[in-house]
Amino acid sequence: MSSLKTHLLAGKVQRGLWLGLGSAASAEIAATSGLDWCLIDGEHGAYDIANIAEQARVLGPDACVRIPKAEDWMIKQVLDLGLHTVVVPMVDTAEQAHALACAMRYPSKEFPQGTRGIGAAIVRASGYNQDTAYLAEANDRVCLMVQAETVTALENLDEICAVDGVDGVFIGPADLAASMGYLHDLDAAPVQAAIDAALRKIAASGKIAGCLSFDAKRAAHYVDMGARFVAVASDVAVLSAGLRAVSTDLQ
């Protein structure tokens, strides 16, 4: 099992960084930042499978990756790269969550419904067939975080949390706000109340609760609500803010 998953299942708060620049150098700098994890954002970041692979080599197996869409073949590709934690956007129903849980795992005695294709003999995840324990241990190593980021997802949250093989649920604040009719007002009281209630519900279910805020006070509040997998910054936002600050200081 990855150390990230081990810490999360033990209830430890793990704070991380969203990577969207598509730069291995940016990832390498982020990896030495002291944060607990880095996420390769394949949904909105400048990534294809080749530079996800490049960053996997820089960041190691505890790196997380968000795939662009809930597709089983995308899950297979990133798992074969040796990445363990997969974040999947826009998961609205328990049926979707179940299909994703199956795609994350090989068919086994413990998880017979697994549908992950077997290519361990030729992929990076097994050290190109040097890790002889990989097939036996892979299902325990992986971590599936599904994103609940619509009103529909929150309506189905109890059922999503009950799905075997879903390790955690990550609330997507911006898309949730838009789904609730607050596209330009993430701070709206109904949005924040919905996020708080969702995080408490996820934590109470025994699943890993996750959320994102680049505001330190709000991120700390989400931890108080039960979040343990918390994104607190992004390479894009940090670089942008830092450069603007430099420009301002010169004026």
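Residues numbered from 1 in each chain as written. Predicted model: local features only at pLDDT ≥ 70, side-chain atom pairs only at ≥ 80, totals over all residues. Heavy atoms only, no water.

Peer 1: I'm lost on the overall build of the chain in this one. Help?
Peer 2: Counting its secondary structure elements, the chain contains twelve helices and eight strands. The principal-axis extent of the C-alpha atoms belonging to the chain is close to 60 × 45 × 30 Å. Across the 251 residues in the chain, those meeting the buried criterion constitute 49%. Counting contacts in the chain only where the partners sit at least 6 residues apart, residues at least 24 apart contribute 58% of the total. Approximately 11,500 Å² of the chain is accessible, and the part contributed by carbon and sulfur atoms is 56%. Across the chain, 19 positive and 30 negative side-chain charges occur, with their mean positions spaced 4 Å apart. (Helix = DSSP H or I, 4+ residues; strand = E, 2+ residues; numbered from the N terminus. Buried < 20%, exposed > 50% of the residue type's maximum accessible area, 1.4 Å probe, protein only. Contact = heavy atoms within 4.5 Å. Areas by Shrake-Rupley, 256 points an atom, 1.4 Å probe, with all protein chains shown as cover. Lys, Arg positive; Asp, Glu negative; His and termini not counted. Charge placed at Lys NZ, Arg CZ, Asp CG, Glu CD.)

Peer 1: I tried to follow unusual backbone geometry on my own but got confused; where do I start?
Peer 2: You will see that Met 90, though not glycine, has its phi angle at about 55 degrees, which is positive. Unusually for a residue other than glycine, Tyr 128 sits at a positive phi of about 55 degrees. Assignment of secondary structure puts Tyr 128 in the loop between helix H5 (94-103) and helix H6 (134-141).

Peer 1: Looking at this structure, how should I read the packing of helix H2 (residues 24-31) against helix H3 (residues 49-59)?
Peer 2: Helices that pack against each other are described as a pair by the angle of their axes relative to one another and the distance between those axes. The N-to-C vectors of H2 and H3 enclose an angle of 25 degrees; their axes lie 9 Å apart at closest approach. Taken together, the axis directions place H2 and H3 in an arrangement best described as roughly parallel. Considering the relative orientation of H2 and H3, their crossing is right-handed. Taking contact as the criterion, the partners of Ala 24, Ala 27, Glu 28 and Ala 31 in H2 are, on H3, Glu 54, Gln 55, Val 58 and Leu 59. (Axes fitted to C-alpha atoms, helices over the stretch in contact; angles between N-to-C directions. Parallel < 35°, antiparallel > 145°, perpendicular 65-115°, else oblique. Left-handed = near helix turned anticlockwise from the far one by under 90°.)

Peer 1: Looking at this structure, I do not really get the layout of surface pockets. What am I missing?
Peer 2: A probe matching the size of a water molecule, rolled over the atoms, marks out where space remains unfilled. Roughly 380 Å³ of internal volume is contained in the largest pocket. If you go around the largest pocket, you meet 26 residues; those closest to its centre are Trp 18, Pro 173, Ala 174, Leu 212 and Phe 214. Contributions of two or more residues to the lining of the largest pocket are made by strand S1 (14-19), strand S6 (168-171), helix H9 (173-179), helix H11 (216-224) and helix H12 (235-250). For the lining of the largest pocket, the element with the highest residue contribution is H9, accounting for three residues. Taken together, the residues of the lining of the largest pocket sort by class into eleven nonpolar, seven polar and eight charged. Here the second largest pocket defines a volume of roughly 300 Å³. (1 Å grid on protein atoms, 1.4 Å probe; cavity = no way out; pocket = protein on both sides within 12 Å on 5 of 7 lines; lining within 4 Å. Points joined across faces, edges and corners; volume = space filled by probe spheres on them. Nonpolar A, V, L, I, M, F, W, Y, C, P; charged D, E, K, R; others polar.)

Peer 1: Honestly, the packing of helix H10 (residues 189-205) against H11 in this entry has me stumped. Any pointers?
Peer 2: Relative orientation of the contacting elements H10 and H11 amounts to 40 degrees, with a least axis distance of 9 Å. Of the possible angle classes, the one that applies to H10 and H11 is oblique. In this structure, H10 uses Gln 192, Ile 195, Asp 196 and Leu 199 to contact H11, whose residues at the interface are Arg 218, His 221 and Tyr 222.

Peer 1: Would you take a moment to explain the sheet that holds S6 for this structure?
Peer 2: Strand pairing in a sheet relies on backbone hydrogen bonds. The paired strands run either parallel or antiparallel. The strand order around the closed barrel built from eight strands is S1-S2-S3-S4-S5-S6-S7-S8, with neighbouring strands paired in parallel fashion. Averaged over all neighbouring strand pairs, the angle between strand axes comes to 25 degrees, with direction disregarded. Note: strand S3 (residues 64-66) against strand S4 (residues 85-88), three bridges, orientation parallel. What sits directly across from Val 65, in S4, is Val 86. Strand contacts of H2: S1 and strand S2 (37-41), with the helix running at about 165 degrees to S1, the strand carrying the most contacts. (Pairing = 2+ DSSP bridges.)

Peer 1: So what exactly am I meant to see when it comes to the pattern of salt bridges here?
Peer 2: Side chains that carry opposite charge are capable of pairing whenever their charged atoms lie near each other. Taken as a whole and judged by the stated rule, the model has nine salt bridges. In this structure, Arg 105 and Asp 167 form a salt bridge, with 3.2 Å as the shortest nitrogen-oxygen distance. You can see Arg 105 sitting in the loop between H5 and H6 and its partner Asp 167 sitting in the loop between helix H8 (157-161) and S6, a full 62 residues away along the chain. With respect to burial, Arg 105 and Asp 167 carry one shared label: buried. In this structure, Asp 158 and Lys 201 form a salt bridge, with 3.6 Å as the shortest nitrogen-oxygen distance. In this pair, Asp 158 sits in helix H8 while Lys 201 sits in helix H10, placing the two residues 43 residues apart along the sequence. One connected set of salt bridges, linked through shared partners, spans Lys 5, Arg 105 and Asp 167. (Salt bridge = Lys/Arg side-chain N within 4 Å of Asp/Glu carboxyl O.)

Peer 1: How do you make sense of the environment of Arg 116 when you look at a structure like this?
Peer 2: Among the secondary structure elements, Arg 116 is positioned in the loop between H5 and H6. A relative accessible area of 3% places Arg 116 in the buried class. Separated by 46 residues in sequence, Arg 116 and Ala 162 place their C-alpha atoms 21 Å apart. Side chain to side chain, Arg 116 and Asp 80 meet in a polar contact 2.9 Å long. Polar side-chain contacts of Arg 116 include one of 3.0 Å to the side chain of Tyr 134. (Polar contact = N/O pair within 3.5 Å; in protein donor to acceptor, adjacent residues only side chain to side chain.)

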